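Examination of the molecular architecture
Here's the letter readout for the chains.
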Amino acid sequence: MTEHNPQEPKVKKSWGARIRSFAIYVLLALALGWGVDIWRAQSIASGKAPQLAATSVQGDKVDLIAMSQDKPVLVYFWATWCSVCSFVSPSVDFVSGQMQVVTVALNSGENKRVQQYLGAKGYNFTVVNDAKGEIGREWGISLTPTIIVINKGEVTSVTTGFTSPFGMWVRMLLS
């Protein structure tokens, strides 16, 4: 066993080696995240999107398949009681100003309770209330938050857990 002499200077990594190490860690994290998304998405709707025609808590008519014919729609499944959703919802609210977004509040109470929650948080995204979890079951949602991109009636992207505005934007762009 060799002993370290405190008098010997430590060898520092060059910037190139540091950047290479950082890039490897980023690639590994992306690959791991992608793999987890694939594993979690096994039960989620794929191919042709299930029909979602409802009235939002704001009183607007929502027809997801019709909306997706012109441009992609980001569908966000969330809940008022979901801790991760409290980090993702502000991002969804932010991107809802630039793209079509429909959200589904899962098992979060009656419309009035969901409206109060939206008002307290200052969210402006469209919300379909799924008070009994029926829409979530039809779509195969078992985890919140879940984001699905629908384009021309087809599911083109699924991700679960934390997602950044950049991640949402890229998914919509690639749809």
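Note that the structure is a prediction, hence the values are computed from the model and not measured.

1. Side note on the environment of T159
- Along the chain, T159 falls in strand β7 (residues 154–160).
- For T159 and R171, which are 12 residues apart along the polypeptide, the C-alpha to C-alpha distance reads 9.2 Å.
- Among the polar contacts listed, one links the side chain of T159 to the side chain of R171, at a separation of 3.3 Å.

2. Some remarks on helix α3 (residues 85–95)
- Along α3, the residues classified as buried are C85, V88, S89, S91, V92, D93 and V95.
- Close packing links the buried residues of α3 with β3 (73–78), β4 (100–106), β6 (146–151) and α6 (165–173).

3. Remarks on unusual backbone geometry
- Put simply, T144 and P145 share a cis peptide bond, and its omega is -5°.
- The residue N107 is not glycine, and still its phi comes out positive at about 45°.
- Relative to the helices and strands, N107 resides in the loop between β4 and α4 (111–121).
- Despite not being glycine, K152 has its phi angle at roughly 55°, a positive value.
- One can find K152 in the loop between β6 and β7.

4. Some remarks on the state of the cysteines
- Enumeration over the complete set of coordinates arrives at one disulfide.
- Two residues, C82 and C85, share a disulfide whose sulfurs are 2.4 Å apart. The sign of the S-S torsion, about 80°, decides the handedness of the disulfide formed by C82 and C85: right-handed. The burial state of C82 is the same as that of C85; both residues are buried.

5. Here we look at the sheet that holds β3
- Across the sheet, which stays open at both edges, the five strands sit in the order β5-β4-β3-β6-β7 with mixed pairing between neighbours. Only two strands of the sheet have a single neighbouring strand rather than two, namely β5 (126–130) and β7. Sheet twist, expressed as the mean angle between neighbouring strand axes with direction ignored, is 20°.
- Taken together, the six bridges between β6 and β7 define a ladder with antiparallel strand orientation. If you follow N151 over to β7, its bridge partner there is E154.
- Sheet strands in contact with α3 are β3, β4 and β6, and its direction is about 155° off that of β3.

Conventions and cut-offs
- Residues numbered from 1 in each chain as written.
- Predicted model: local features only at pLDDT ≥ 70, side-chain atom pairs only at ≥ 80, totals over all residues.
- Heavy atoms only, no water.
- Helix = DSSP H or I, 4+ residues; strand = E, 2+ residues; numbered from the N terminus.
- Polar contact = N/O pair within 3.5 Å; in protein donor to acceptor, adjacent residues only side chain to side chain.
- Buried < 20%, exposed > 50% of the residue type's maximum accessible area, 1.4 Å probe, protein only.
- Contact = heavy atoms within 4.5 Å.
- Disulfide = S-S within 2.5 Å.
- Pairing = 2+ DSSP bridges.
- Axes fitted to C-alpha atoms, helices over the stretch in contact; angles between N-to-C directions.

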